[in-house]
Amino acid sequence: MNKIKVLCFTDTDTGRDVEIILPIRYFAERFLNCKFYHSISFDAFSIYRFKPDIILLPNTIGSNLYFKLSKKAHRQNIPLFALISEGNFRTNGTFNYWGFNTDKVFYQEYVCCWSERTANFLKSEVPEAEEKIVVTGGTGFDRYKIYKFKTREEILKKYNLPEFKKVIGYAGWAFGKLQHKRGRKELTSAYKDNPEKRLKWVAEQRILVRDILRKSIEKNKDTLFILKRHPQESSPELTIEIINEMSELADYDNVLYLGEEEALHDLINISDLWTCFESTTALEAWLLGKETIFINPDPNFNRDQLFKGSVLVNSYENLQEKINEYFQNGKIEDFYKDEKISAREKIIKETIGFDDGMNHIRAGYYLHKTIEKKLNRKITSTYRFNFYDFLIFLGIRFFSLFYNRNIFKHIYKLKKHLWVFEDFKLKKIPVLYKQYSKYLNEFYNLNDVSNKFKKGILYKELNLDETKK
């Protein structure tokens, strides 16, 4: 039987979107007779080149490119399977769940929600799509149950910082969005009545958080502060230096300021404490057994519930007190209060659905259903030649032959697409897939996944609806 060709698009070859897809790829190639192909999201012509049976996207709302690809799949009658990259969204009416999807139509076969909370919300908001809305859990969080991560020694040696015995991590908020039009629009999308007030508040918080971090860095010279930039605070086409709450602190001797150079899970793993202004990474830190601190100069703002499971500080003095407590006693007592523990348990369930490492198999179930639909209905896809997409494809290949960032960043049009020339080959994906496959194989052996799949009980054990088509 011919393998099912799955064409998967991502913006880059590392990061969040890649992490949520690769476990599904492993399951699909091992059990669903699939063969995966990867392409950068800017190269829509790869649909015509590969002629896939299924198109897979990390999401259909997070960028205009992903939305356009979802629409192309729909128009060409190619079944589309899509995930949700950021599934921990607010359900109080302040979150734009359509994003870049200006058609306000779900073109994918299933809307794969992380939790019952978000699924029920979407069903009430978009009742006409109720049959498509399912709960898979957050697939990217499976890695905390499955993978092995880099050690502190490995990473610190790489950056010539082996002398540090204490490490505090900080996950950046999207303060850098203040610098560009698209970012400011995103920051004010839920504040239509008074967008200027919102931007003023964000600008003030940036300075306050920066100063708290600065004092902490200066007063704890024996501690390495790993400052991780938010992956979505800048647009890929922007060439300006982004100023956020961390960028002005990068030159301190005890600071390691990083973008996408290292995987988030590795940075959390090597940190003693994990801190942030507001970030889903706090939940990831909990999954790795790390204590978390929210640095909130103004704690009264509209946000997700993650702060309820963390220690809150509003000043340098508060933060220093918690840092001292941790390194003197090995823990922060406030983090283990009953209300914090129960909040974390509730938040994990309401945010990622499940923390058993099986979310990618839940998503794989619905990919399986998508494949069955195509085979059973004998869907005929039409792979249309698009001259504009063809020109883009040729342009990427041609200009990449003599690509030089220092030159291209000054050329009109091309300067907006440096990320395409730098990542279009997606070189790191095969390396990561090989590495992760080893861990996934061990996990499958430990949980008898292969045997359960052959016996037809794997999906049933995960309480998946076998009648869902």
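Residues numbered from 1 in each chain as written. Predicted model: local features only at pLDDT ≥ 70, side-chain atom pairs only at ≥ 80, totals over all residues. Heavy atoms only, no water.

Participant: Tell me about helix H1 (residues 16–31), and name the residues and values.
Facilitator: Residues spaced three or four apart along an α-helix face the same direction, because each turn holds 3.6 residues. Taking 1.5 Å per residue, 16 residues should reach 22 Å; H1 reaches 24 Å between its end C-alpha atoms and fits that length. The element H1 is extensively covered by neighbouring structure, given that 13 of its 16 residues are classed as buried. Looking one or two residues past H1, Asn 33 carries a phi angle of roughly 60°, positive in sign. (Helix = DSSP H or I, 4+ residues; strand = E, 2+ residues; numbered from the N terminus. Expected span 1.5 Å × (residues − 1). Buried < 20%, exposed > 50% of the residue type's maximum accessible area, 1.4 Å probe, protein only.)

Participant: Kindly report on a nonpolar patch on the surface, identifying the contributing residues and their values.
Facilitator: Taken together, the side chains of Phe 385, Phe 387, Leu 391 and Leu 394 define a hydrophobic patch exposed on the protein surface, amounting to about 390 Å² of accessible area. The topology assignment puts Phe 387 in helix H14 (residues 387–400). (Patch = residues over 30% accessible without salt bridge, like charges linked within 9 Å, V, L, I, M, F, W, Y side chains within 5 Å. Areas by Shrake-Rupley, 256 points an atom, 1.4 Å probe, with all protein chains shown as cover. Salt bridge = Lys/Arg side-chain N within 4 Å of Asp/Glu carboxyl O.)

Participant: So what's going on with helix H8 (residues 195–219)? Which residues, and what values?
Facilitator: In a regular helix each residue adds 1.5 Å, so 25 residues correspond to 36 Å; H8 covers 36 Å between its end C-alpha atoms and thus fits that length. Those residues of H8 lying buried are Arg 198, Leu 199, Trp 201, Val 202, Gln 205, Arg 206, Val 209, Arg 210, Ile 212, Leu 213, Ser 216 and Ile 217. Looking at the buried positions of H8, the neighbouring elements they touch are strand E7 (166–171), helix H7 (181–187), strand E8 (223–228), strand E9 (255–258), strand E11 (291–295) and helix H11 (316–329). (Contact = heavy atoms within 4.5 Å.)

Participant: Hey, could you go over the environment of Lys 51 for me, with residue numbers and the actual values?
Facilitator: Within the secondary structure, Lys 51 is located in the loop between helix H2 (46–50) and strand E3 (54–57). Judged by relative accessible area, which is 34%, Lys 51 ranks as partly exposed. C-alpha of Lys 51 to C-alpha of Arg 384: the two residues are 333 residues apart in sequence and 9.5 Å apart in space. If sequence neighbours within four positions are ignored, Lys 51 has contacts with Lys 5, Ser 46 and Tyr 383. A polar contact is formed between the side chain of Lys 51 and the backbone oxygen of Tyr 48, at a distance of 2.7 Å. (Polar contact = N/O pair within 3.5 Å; in protein donor to acceptor, adjacent residues only side chain to side chain.)

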